[in-house]
Amino acid sequence: MNKIIKILMILLIAVALFFVNAFFGNPISKAIASRAANKYIDENYINFKLKREKIFYNFKNAAYTVRIQDEESEDTKFEVAFDSLGRFKYDSFDDIKFNTWLRFQDELRNYGKELAKKENLPFELNLTSSDEKDYNELTLDEKVDFDHFPFRVDVNVFGYAKEPTKEKLIEYLKEAFKVMEKTPLEIKSYSIILVPEKNRKENGEALDWKDALSVYGIPKEKINDLTTEYIDELIEEGNKPKDN
């Protein structure tokens, strides 16, 4: 009986160690990967002033990863990763301009939030750049200039109404259009989600989108001529109007 208990204990410990290793790695492999990472960074980024975070195990790709930030460049942050034997897995340096793009998106979203607040709009404005332009066309560490924003912008309206109707939807879209026309941004399209007031939680978020009314991707040129018939058309076509 004692022998069986010992065997079961050994099995349980082995299973526990397996899961710990799978999700958190192990100290020996971590040390090996850390040495490999330090050597790789010193050899490939000698001219950079880098700040390195402590190496950590990423169970999603079974790699030991080091996050790196160039102290002289806001957008130069990337990762290098190695396996448990110290073998190189990847280096994300070539994608650092994506950090510039993300920063542009964050500032654009904040611009929309502040604009809605400033204009005292009865709905939220979520601004996103259209995906028609390659982010690699941006310059690393480029400053965001809304007077010369490099992307066309999609305007997403989110609001509540006692009873969402096509008429209220058109009213909100035209109000958003009027506000956006005062900005220097080049607008590509408008979308809207109108949720019943009864679905609003105390914190302002939607409990669900049941009975909500929504249309997507309306070309800017169509906003001033919106009709309930056109909205019906969009809904019937699956909210996929042809872009002008």
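Computed from a predicted structure; not experimentally measured.

Chemist: Can you lay out the overall build of the protein for me, pointing to particular residues and giving the numbers?
Modeler: Looking only at helices and strands, one finds five helices and nine strands in the protein. For the protein, buried positions account for 37% of its 244 residues. Pairs at least 24 residues apart make up 60% of the contacts formed inside the protein by residues separated by at least 6 positions. Surface accessibility of the protein: about 15600 Å² in total, with carbon and sulfur atoms responsible for 53%.

Chemist: Can you tell me about the layout of surface pockets, naming the residues and giving the values?
Modeler: Counted as a void, the largest pocket has a volume near 170 Å³. In terms of lining, the largest pocket is formed by 12 residues, of which the most central are Pro 122, Phe 123, Glu 124, Tyr 160 and Arg 200. The element that contributes the greatest number of residues to the lining of the largest pocket is strand S7 (residues 153-161), accounting for three residues.

Chemist: How would you summarise helix H4 (residues 166-180) if you had to cite specific residues and measurements?
Modeler: Given 3.6 residues per turn, any residue in an α-helix points the same way as the ones three and four places further on. The end-to-end C-alpha separation of H4 is 21 Å, in line with the 21 Å expected for 15 residues at 1.5 Å each. Looking at the buried side of H4, the elements it contacts are helix H3 (97-118), strand S6 (123-129), S7, strand S8 (187-196), strand S9 (213-219) and helix H5 (228-236).

Chemist: If you had to explain the packing of aromatic side chains to someone new, which residues and values would you point to?
Modeler: All chains considered together, the criterion is met by 19 aromatic pairs. Their ring planes at 45 degrees and their centres at 5.3 Å tell us that Tyr 45 and Phe 93 sit as a pair that is tilted. You can see Tyr 45 sitting in the loop between helix H2 (27-44) and strand S1 (50-52) and its partner Phe 93 sitting in the loop between strand S5 (88-91) and H3, a full 48 residues away along the chain. Ring centres of Phe 158 and Tyr 160 lie 5.5 Å apart, and the angle between their planes is 85 degrees; on these two criteria the pair is classed as edge-to-face. The residues Phe 158 and Tyr 160 share a single accessibility class, namely buried. Three or more aromatic residues joined by ring pairs form one cluster here, namely Tyr 40, Tyr 45, Phe 48, Phe 78, Phe 82, Phe 88 and Phe 93.

Chemist: Before we move on, could you go through the sheet that holds S9 and cite the residues and values that matter?
Modeler: Pairing is mixed across the open sheet formed by four strands, whose spatial order is S6-S7-S8-S9. Taken across any chain shown, the strands that pair with only one partner, and hence form the sheet edges, are S6 and S9. Taken pair by pair, the neighbouring strands of this sheet meet at an average axis angle of 15 degrees, ignoring direction. Summarising the sheet, S6 and S7 pair through seven bridges and their orientation is antiparallel. Paired with Leu 127 across the bridge in S7 is Val 155. Against the sheet, H3 touches S6 and S7, its axis set at about 155 degrees to S6. Against the sheet, H4 makes contact with S6, S7, S8 and S9, and its axis sits at roughly 140 degrees relative to S8, the strand it touches most.

What counts, and at which threshold
- Residues numbered from 1 in each chain as written.
- Predicted model: local features only at pLDDT ≥ 70, side-chain atom pairs only at ≥ 80, totals over all residues.
- Heavy atoms only, no water.
- Helix = DSSP H or I, 4+ residues; strand = E, 2+ residues; numbered from the N terminus.
- Buried < 20%, exposed > 50% of the residue type's maximum accessible area, 1.4 Å probe, protein only.
- Contact = heavy atoms within 4.5 Å.
- Areas by Shrake-Rupley, 256 points an atom, 1.4 Å probe, with all protein chains shown as cover.
- 1 Å grid on protein atoms, 1.4 Å probe; cavity = no way out; pocket = protein on both sides within 12 Å on 5 of 7 lines; lining within 4 Å.
- Points joined across faces, edges and corners; volume = space filled by probe spheres on them.
- Expected span 1.5 Å × (residues − 1).
- Phe/Tyr/Trp six-rings, centres within 6.5 Å; stacked < 30°, edge-to-face > 60°.
- Pairing = 2+ DSSP bridges.
- Axes fitted to C-alpha atoms, helices over the stretch in contact; angles between N-to-C directions.

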